[in-house]
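The residues making up each chain are set out below.
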Amino acid sequence: MKPALSSSTLAVERVGKVYPGEVPTRALNGVSFAVAPGEFVAIVGASGSGKTSLLNLLGLLDSATEGTIHLNGVDVTNLTPGEAVRLRRDMLGFIFQFHYLLPEFSALENALMPCRLAGEGQVARQEPGMLALFDRVGLAGKLNKRPHQLSGGEQQRVAILRALANDPLFILADEPTGNLDSANANEIFTLLRNITREMERTVIMVTHDHELAAKADRVITLRDGRIESDRPASALAHCS
Ligand SMILES: Nc1ncnc2c1ncn2[C@@H]1O[C@H](COP(=O)(O)OP(=O)(O)O)[C@@H](O)[C@H]1O
Ligand SMILES: [Mg+2]
């Protein structure tokens with residue numbers, strides 16, 4: 001059973017990340033914020049400011065050096081690899097700059113791939129909802145196309161559907177429109193925004209695009225591994 005959406009918060013407390021090495025690199029330093037259920041948060045900041053490091057921690061792909069992270073009330077700071085895999089599968093959806101669709105599978109098979117990893121029963125359970133999502137994003141006629149038969153924008157729409165496949169509470173997106181022209185970027189962003197709003201999912205999206213960030217609910221700006229500002233997106237127009 002999935003817990004109620006109302007309790008699906010994400011909380012980051014005094015998180016730090018140091019990459020070891022001959023000269024250790026501090027990528028994050030004392031980062032704290034909490035995200036409410038259904039919120040759409042944009043993370044912006046210069047290259048090297050720690051955006052991807054933060055997303056990797058939220059995505060349970062790496063572990064923090066200091067501090068704690070709670071996802072939906074679960075302390076994910078010190079998970080075993082097996083626990084991380086399970087929580088990632090059950091709670092998180094990922095969208096990347098490049099779609100990483102598998103060329104030998106159809107659009108529908110690609111979108112259902114996270115379900116397949118959870119077992120054939122999950123594919124059967126989620127397929128009707130996925131077919132409705134293909135319809136929702138205007139790809140009902142492209143279910144059986146291979147990735148190379150789709151346009152860049154269509155490929156990224158399939159990647160969005162794949163992120164939604166297991167009905168995750170949190171969607172993590174790293175520059176999801178970074179590889180698209182601005183018209184397509186706007187369209188994909190709007191789609192992600194509207195679908196996740198309808199489904200009441202929480203989104204954390206890293207972007208370089210300040211125009212898109214301004215359409216989020218809230219914008220967190222990182223600088224040298226720290227939070228420089230954390231504001232409602234509506235406040236951005238007043239302080240450039
Ligand atoms: N795997 C790694 N090993 C060592 N240093 C890293 C690694 N990943 C990122 N860094 C360093 O951490 C800092 C933050 O990087 P990153 O989180 O990728 O920033 P952003 O996504 O904002 O460009 C940078 O100085 C970067 O060089
Ligand atoms: Mg990055």
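Shown above is the structure to which this text applies.
Residues numbered from 1 in each chain as written. Chains lettered and ligands numbered in written order. Predicted model: local features only at pLDDT ≥ 70, side-chain atom pairs only at ≥ 80, totals over all residues. Heavy atoms only, no water.

1. Some thoughts on the nonpolar core
Put simply, the rule is: Nine residue types can take part in a nonpolar core, namely buried Ala, Val, Leu, Ile, Met, Phe, Trp, Tyr and Cys, and a core is a set of them joined through side-chain atoms within 4.5 Å. Throughout this description, buried means an accessible area under 20% of the type-specific maximum (1.4 Å probe, protein chains only), exposed means over 50%, and partly exposed covers the range between. Segments assigned H or I by DSSP are reported as helices when at least four residues long, segments assigned E as strands when at least two residues long, and all are numbered from the N terminus. Any pair of residues with heavy atoms lying within 4.5 Å of one another is described as a contacting pair.
Core analysis: the largest hydrophobic core is formed by 40 residues, its most contacted members being Met130, Phe134, Val158 and Leu161. Looking at this core, the elements that each hand over two or more residues are strand E3 (40-44), helix H3 (107-111), helix H5 (120-136), helix H6 (152-163), strand E7 (170-174), helix H7 (182-198), strand E8 (202-206) and helix H8 (210-213). If we ignore the near neighbours within four places in the chain, the residues touching Met130 are Leu108, Ala111, Leu112, Leu161 and Ala165. Membership of the second largest hydrophobic core comes to 29 residues, among which are Leu10, Leu58, Leu60 and Leu71.

2. Digging into the packing of aromatic side chains
What counts, and what does not: Between the rings of Phe, Tyr and Trp (Trp by its six-membered ring), a pair exists once the centres lie within 6.5 Å; its type follows the angle of the planes, with under 30 degrees stacked, over 60 edge-to-face, and the other angles tilted.
Here the structure, examined in full by the defined rule, presents three aromatic pairs. Measuring from ring centre to ring centre gives 5.5 Å for Phe40 and Phe189, while their planes differ by 70 degrees; the resulting arrangement is edge-to-face. Taken as a pair, Phe40 in strand E3 and Phe189 in helix H7 lie far apart in primary sequence, 149 residues in all. When its relative accessible area of 1% is taken as the criterion, Phe40 is described as buried.

3. Looking at the sheet that holds strand E6 (residues 92-95)
Under the convention used in this document: Pairs of strands are assigned from DSSP output, requiring at least two bridges between the strands. All axes are obtained by fitting lines to C-alpha atoms, using only the stretch in contact for helices, and the reported angles, taken between N-to-C directions, cover 0 to 180 degrees.
Ordered in space as E6-E7-E8-E3-E9-E10, the six strands form an open sheet in which the pairing is mixed. On the outer flanks of this sheet lie E6 and strand E10 (226-232), each paired with one strand and no other. Within this sheet the neighbouring strands show an average axis-to-axis angle of 15 degrees, counted without direction. Here strand E9 (residues 218-223) runs beside E10; their pairing, made up of six bridges, is antiparallel. Each bridged residue has a counterpart across the sheet, and for Arg218 the counterpart in E10 is Pro232. Its contacts with the sheet put helix H2 (residues 81-91) on E6 and E7, and the angle it makes with E6 is roughly 80 degrees. In this fold H7 packs onto E3, E6, E7 and E8, with an angle of close to 145 degrees to the strand it touches most, E3.

4. Comments concerning the sheet that holds strand E1 (residues 10-19)
Pairing between sheet strands relies on hydrogen bonds along the backbone, with the strands arranged either parallel or antiparallel. On the basis of which strands lie adjacent, the open sheet formed by four strands has the order E2-E1-E4-E5 and antiparallel pairing. This sheet does not close on itself; its edge strands, each paired only once, are strand E2 (25-35) and strand E5 (74-75). Sheet analysis places E1 next to E2, joined by seven bridges and oriented antiparallel. Looking at the pairing, Val18 lines up with Arg26 of E2. Here helix H1 (residues 51-58) sits on the sheet and contacts E1, E2 and strand E4 (66-71); the angle it forms with E2, its principal contact strand, is near 60 degrees.

5. Notes on the side chain of Ser106
Its place among the elements puts Ser106 in the loop between E6 and H3. By relative accessible area, which is 9% here, Ser106 ends up buried. Filtering out sequence-adjacent residues up to four positions away, Ser106 remains in contact with Leu143, Asn144, Lys145 and Arg146.

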